Amino acid sequence: MKLSKENLPDLIESYLQDIEDFGDETIYTPEYTLVCESILKDTKKLILESKNFSLSLLRESVKNGTSLQKEVMEDFILYIKSFD
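Quantities reported herein were computed from a predicted structural model and do not represent experimental measurements. (Residues numbered from 1 in each chain as written. Predicted model: local features only at pLDDT ≥ 70, side-chain atom pairs only at ≥ 80, totals over all residues. Heavy atoms only, no water.)

(A) Region of interest: the side chain of Lys44. Mapping Lys44 onto the fold places it in helix H2 (residues 30-49). Summary of buried charges: Lys44 has no salt-bridge partner, and the nearest side chain of opposite charge, Glu13, is 5.2 Å away. Ignoring sequence-local partners within four residues, the contact set of Lys44 consists of Leu8, Pro9 and Ile12. (Helix = DSSP H or I, 4+ residues; strand = E, 2+ residues; numbered from the N terminus. Buried < 20%, exposed > 50% of the residue type's maximum accessible area, 1.4 Å probe, protein only. Lys, Arg positive; Asp, Glu negative; His and termini not counted. Salt bridge = Lys/Arg side-chain N within 4 Å of Asp/Glu carboxyl O. Contact = heavy atoms within 4.5 Å.)

So, in structure tokens, the structure goes:
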């Protein structure tokens, strides 16, 4: 599935479902999964309001964020790239 503004919500939901179903339980704890969901939902709002959309915009959305936000976004980007 190619990344686009239109399919971003579906990609986020797929990512969250996959980390819950298949993720390493020592890393993707229920608490960590909730943090991922929060970060990606907030990012989704920003992205959907933007005019230009790209992977760099995803990275940029957490540029000034915490290391956890950056880690989650990089993991999500790797997930998206696995579909290319």
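(B) Summary view of the packing of H2 against helix H4 (residues 67-81). Running from N to C, H2 and H4 cross one another at 80°; their axes reach a closest spacing of 10 Å. Of the possible angle classes, the one that applies to H2 and H4 is roughly perpendicular. Contact residues: Tyr32, Val35, Cys36, Ile39, Leu40 and Thr43 in H2; Leu68, Gln69, Glu71, Val72, Met73 and Phe76 in H4. Of the residues contributing to the contact of H2 with H4, the split by class is nine nonpolar, two polar and one charged. (Axes fitted to C-alpha atoms, helices over the stretch in contact; angles between N-to-C directions. Parallel < 35°, antiparallel > 145°, perpendicular 65-115°, else oblique. Nonpolar A, V, L, I, M, F, W, Y, C, P; charged D, E, K, R; others polar.)

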